Amino acid sequence: MDLLTPVSQLNRVGKTLEKRLRHLGIETVKDLLFYFPFRYEDYSQVVLIKDLREGMQVSVRGKVELIASKRSPRKRTIITEAVVADETGQLRAVWFGQPFIAKILKTGDAVYLSGKVTSDFFGAQMAGPAYERVKTTSSETTSPLAPLLCKERGIVDTTHTARIVPMYSVTNGITNKQLRFLLSQAMRAVGQIKEWLAEDLRDRAEVMGLAEAIKAIHFPESQDDLKHAERRLKFDELFILQLRGEMIRQAIKKSIAPKIEFKEKETKKFVDSLPFKLTKKQKIAAWEILRDLEKGEPMNRLLEGDVGSGKTVVAAMAMYNAALNGFQTALMCPTEILARQHFETLLEVLGDKVNIALLTSSQFLIHLISNSPNKISKKKIIEKIGNGEINIIVGTQALLTENVEFKNLGLVIVDEQHRFGVEQRKVLRGKMRVGEQDLSLTLSSAEEREQVPHFLSMTATPIPRSFALIVFGDLDLSIIDEMPPGRKPVKTRLVEPRHREKAYQFIREQVKQGRQAFVICPLIDVVTTDNRLQTTGTDDRKTVMAEYEKLKSKIFSDLKIGFLHGKLKSAEKQATMEQFHKGTINLLVSTSVIEVGVNVPNASVMMIEGAEKFGLAQLHQFRGRVCRSTHQSYCFLFTDSDSPKVAARLKFFEQHTSGFKVAEYDLENRGPGEVYGTAQSGMENFRLATMKDGQLIKLARDLARGINFQKYSALRDKVVEWEGRVHLE
Ligand code: ADP
Ligand code: MG
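What counts and how
Residues numbered from 1 in each chain as written. Chains lettered and ligands numbered in written order. Predicted model: local features only at pLDDT ≥ 70, side-chain atom pairs only at ≥ 80, totals over all residues. Heavy atoms only, no water. Helix = DSSP H or I, 4+ residues; strand = E, 2+ residues; numbered from the N terminus. Buried < 20%, exposed > 50% of the residue type's maximum accessible area, 1.4 Å probe, protein only. Contact = heavy atoms within 4.5 Å. Areas by Shrake-Rupley, 256 points an atom, 1.4 Å probe, with all protein chains shown as cover. Pairing = 2+ DSSP bridges. Phe/Tyr/Trp six-rings, centres within 6.5 Å; stacked < 30°, edge-to-face > 60°. Lys NZ or Arg CZ within 6 Å of the ring centre and 35° of its normal. Salt bridge = Lys/Arg side-chain N within 4 Å of Asp/Glu carboxyl O. pLDDT = per-residue confidence, 0-100. Near = heavy atom within 4 Å. Polar contact = N/O pair within 3.5 Å; in protein donor to acceptor, adjacent residues only side chain to side chain. Nonpolar A, V, L, I, M, F, W, Y, C, P; charged D, E, K, R; others polar. Axes fitted to C-alpha atoms, helices over the stretch in contact; angles between N-to-C directions. Core = buried A, V, L, I, M, F, W, Y, C linked by side-chain atoms within 4.5 Å.

*Asks:* Sorry if this is basic, but what is going on with the overall build of the protein here?
*Replies:* Along the protein, the regular secondary structure elements total 25 helices and 23 strands. Out of the 729 residues in the protein, the part that is buried amounts to 55%. Taking the contacts inside the protein whose residues are at least 6 apart along the sequence as the reference set, 72% of them involve residues at least 24 apart. Counting every atom, the protein has about 33600 Å² of accessible surface; 51% of that belongs to carbon and sulfur.

*Asks:* How should I be thinking about unusual backbone geometry in this particular structure?
*Replies:* Note: most peptide bonds trans; most residues except glycine with negative phi. Despite not being glycine, Arg12 shows a phi value in the positive range, around 65°. The topology assignment puts Arg12 in the segment before helix 1 (15-23). Look at Arg12 and you get exposed, because its relative accessible area is 66%. Even without being glycine, Ala162 reaches a positive phi, approximately 50°. Residue Ala162 is classed as buried on the basis of its relative accessible area of 6%.

*Asks:* In this structure, what is going on with the pairing of strand 15 (residues 409-415)? I would like to understand it.
*Replies:* Side chains on a regular strand alternate between the two faces of the sheet. Judged by how many residues are buried, strand 15 sits mostly within the fold: 7 of 7 residues are covered. By the bridge criterion, 5 bridges tie strand 10 (residues 328-332) to strand 15 in an arrangement that is parallel. Within strand 15, the position partnered with Met332 by the bridge is Val414.

*Asks:* Would you take a moment to explain the pairing of strand 23 (residues 634-637) for this structure?
*Replies:* A two-sided burial pattern is seen for strand 23, the buried positions comprising Tyr634 and Phe636 on one face and Cys635 and Leu637 on the other. Pairing of strand 18 (residues 491-494) with strand 23 involves 4 bridges; the strand directions are parallel. Paired with Arg493 across the strands is Phe636, a residue of strand 23. The sheet contact formed by strand 22 (residues 603-608) and strand 23 spans 4 bridges and is parallel. Residue pairing in the sheet places Met607 in a bridge with Phe636 of strand 23.

*Asks:* Any chance you could explain the packing of aromatic side chains here in plain terms?
*Replies:* For any two aromatic rings, the description comes down to two numbers: the centre-to-centre distance and the angle of the planes. Evaluation of the coordinates by the stated rule reveals 15 aromatic pairs. A ring pair is formed by Phe121 and Phe122, whose centres lie 5.4 Å apart and whose planes are at 80°; its orientation type is edge-to-face. Here Phe121 matches Phe122 in class, with each residue exposed. On the numbers, 4.2 Å between centres and 20° between planes, the contact of Phe652 with Tyr665 is stacked. Linking Phe652 in helix 21 (residues 644-655) with Tyr665 in helix 22 (residues 659-670), this pair joins segments that are 13 residues apart in sequence. Each member of the pair, Phe652 as well as Tyr665, carries the same accessibility label: buried. Linked through ring pairs, Trp196, Phe235 and Phe239 together constitute an aromatic cluster. Its end group placed over the ring of Trp287, Arg291 keeps NZ or CZ at 4.4 Å from the ring centre.

*Asks:* Teacher, can you tell me more about the pattern of salt bridges here?
*Replies:* Opposite charge on two side chains permits pairing when their charged atoms draw close. Per the counting criterion, the structure on display carries 39 salt bridges. Notably, a salt bridge pairs Lys353 with Asp352, separated by 3.4 Å at the nearest N-O pair. Residue class for Asp352 comes out exposed when judged on its relative accessible area of 55%. Bridged by salt links that share partners, the residues Glu246, Arg249, Lys253, Asp476 and Arg705 form one connected network.

*Asks:* Quick question: what am I supposed to make of the confidence of the model for the protein here?
*Replies:* Caution is warranted with low-pLDDT regions, since their predicted coordinates should not be read in detail. For the protein, per-residue confidence averages 86 on the pLDDT scale, and residues scoring 70 or more make up 87% of the total. Taken together, the stretch residues 138-142 has pLDDT below 50 and engages in 11 contacts with residues farther than four places along the chain or on a different chain.

*Asks:* Which parts of the structure should I look at to understand the environment of Lys295?
*Replies:* Tracing the backbone through its elements, the reader meets Lys295 in the loop between helix 10 (280-294) and strand 9 (300-305). On the basis of relative accessibility, which here comes to 45%, the residue Lys295 falls in the partly exposed class.

*Asks:* Would you mind going over the site of ligand 1 with me for this structure?
*Replies:* Lining the immediate surroundings of ligand 1 are 15 residues, of which Lys277, Gly308, Lys311, Thr312 and Arg487 lie closest. One of the backbone nitrogen or oxygen atoms of Ser309 is found 3.5 Å away from an oxygen atom of ligand 1. When grouped by side-chain class, the residues that make up the shell around ligand 1 number 4 nonpolar, 6 polar and 5 charged.

*Asks:* I tried to follow the sheet that holds strand 22 on my own but got confused; where do I start?
*Replies:* The strands making up a sheet associate through hydrogen bonds between their backbones, and the pairing can be parallel or antiparallel. What the 6 strands build is an open sheet, ordered 18-23-22-19-21-20; its pairing is parallel. Of all the strands in the sheet, just strand 18 and strand 20 (561-564) have a single pairing partner and so form its edges. Averaged over all pairs of adjacent strands, the angle between strand axes in this sheet comes to 15°, irrespective of strand direction. Running over the sheet, helix 17 (residues 500-512) touches strand 19 (516-520), strand 21 (587-590), strand 22 and strand 23 and is turned about 160° from strand 22.

*Asks:* Would you take a moment to explain the nonpolar core for this structure?
*Replies:* Taken as a class, soluble globular proteins show a tendency for nonpolar side chains to be buried jointly. Ranked by size, the top nonpolar core spans 76 residues in total, and within it Leu33, Phe239 and Leu715 carry the most contacts. Here the element with the most residues in this core is helix 8 (residues 223-254); it accounts for 10 residues. Dropping the residues within four chain positions of it, Phe239 is found in contact with Trp196, Leu197, Ala700, Leu703, Ala704, Ile707 and Leu715. Leu293, Cys333, Leu338 and Ile392 belong to the second-largest nonpolar core, a separate cluster that totals 41 residues.

*Asks:* Got a minute to help me understand helix 5 (residues 176-186) in this structure?
*Replies:* Within the sequence span of helix 5, burial applies to Asn176, Leu179, Arg180, Leu182, Leu183, Gln185 and Ala186. Looking at the buried residues of helix 5, the elements they touch are helix 1, helix 2 (29-33), strand 8 (164-167) and helix 7 (210-218).

*Asks:* Looking at this structure, I do not really get the side chain of Arg649. What am I missing?
*Replies:* Counting through the fold element by element, Arg649 comes out in helix 21. For Arg649, a relative accessible area of 6% corresponds to the buried category.

Encoded structure:
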């Protein structure tokens, strides 16, 4: 038998079982070995019958004195009863609906029984225990103390009983017993599993050998053994992902990037011109970025900071320095609203120093030093980008799709990039051009020292450090986890349905004081069967259009209300946002399009319908829309769900103001897919590792950093093999 032996060649695998195994993805012995249990039953404690006590979950070893099946009088099921004895006493066992047991076990057989002990008038009993005949090779089998002696010597010769028993997730008619039986056969090939971690790496990671770990994950000899096996296998999952990130990181570092010299005098003047002092964390982040830009190798960095922590001005310092060195910056945003907003912010802080353009699929604006924004044709803008006249180009994906050629692109900044995959970053980098050069970046061509722009990604999505380490293995991290002084935390309340009127009253008062409010709904609209918008309360899904109609006609008929969602034309969205900015709209009903980065300092209330539909990280983003000035702000959550889990989540959100805290909670309780949408994190492929393995994550990252792939070529092979198998993207 070897690893590639088809399972059909194993003992007792017929056509049916072969097919069922295939459904579980198991075709070879190797597949079988890598099909891990999802939990265990610990029956390793073998006790004498006289020591059995109600409630114990244990094993006994004894002789079958009596066994018989009979039909139950009323229920018509078959009951199998047995008496098993050791030298200290008798134990009764019953099984329901398994008549064959009386054929398998015979009077006089030595057996193990494992199960939970109950007791009644007649003494100890086990209902439905796992059973297994004692293997008769050992001379000690006749002694009742044999199992205890075996245990002392660390020998476990059972598969289904008297040990830590693996439980697999089985479906379509395969039983755990069958799988365990097959695995006990497959163990003969376990020694052939190839180790891919060199010994010194295993030592540094403090993990056991791979073959040993695979054996122990199925048939652990102790809890300790199991713990070590899990550690090794989790480490493998995490380490591969880290190595993959590291390979890309090293390939990028091999390219060359423009040297952007830090212009101290000008930068200082710029910082002094700001109406506020930079926070300590802003200074550190800016320093890390500016230092990267000087190196001549491409920066590949993530700037992470809670909503409102002031990332924009840090980015502006980098863009300004690029311009001072004669290089262009492209700032890419996920939405037109955000692009427009960034364009305007940059005009404010850098408008007297550099030339800035806005280019989206529908907006073309240009600002030349000391001129106000001019609307010109798209063609003209693209021309001015091409001849280098424009220093900073703010835009959307349109920057990639339109035929934009940069004269000398030195820095690419991506704001609120919600897709995490290194793949996307690769594509993005590939599409960016410096002059005439094609920058598509592949691992193999990296040796040729291409010229690529520096890359900075910014996100306000709170991503706890350990998760960031996983999904951003290829990036360096700068984290601004400090708010500018004087910000008041948003007062957050989970509002019971019966207090809805009060919340409306509250909004009315805020509007009277000159403030504005958002109402967020999970959906755009619900179309009824006769194709009309549903506005009545029969459907409890909260929709933008239904809420808009309701608020306008019933609740706030005296206020000006607007609505916003992703299906509107960009010009419509723009017009609504402008009105909201100017304050001519009091209340804006919106979907999550509002989530990313929108800045309306005068808004003080964020009301969220169907709050359970959103991840806490996303709710936090919404909440961040209203802490943008010195006004006290409020966030009201509504839910119709009566699930205790939902209540607990929303309560946690209510009580924690840190984005990192709430994101961590969701990551641990719901997993990354739920929290960050269709995150291409690579974690989808984890079978054992989770976000709770923070220390192991960090260890994997530290070991991967700077690793020499020439020296450890097995690592590179492993990553390549892994990529071929999981098909990221
Ligand atoms: P985000 O990190 O969410 O992108 P912004 O960069 O939009 O945050 O900054 C939010 C607001 O805080 C802006 O109005 C900005 O001018 C202001 N701001 C930035 N840094 C500071 C600071 N150090 N002190 C006070 N206000 C600041
Ligand atoms: Mg921002």
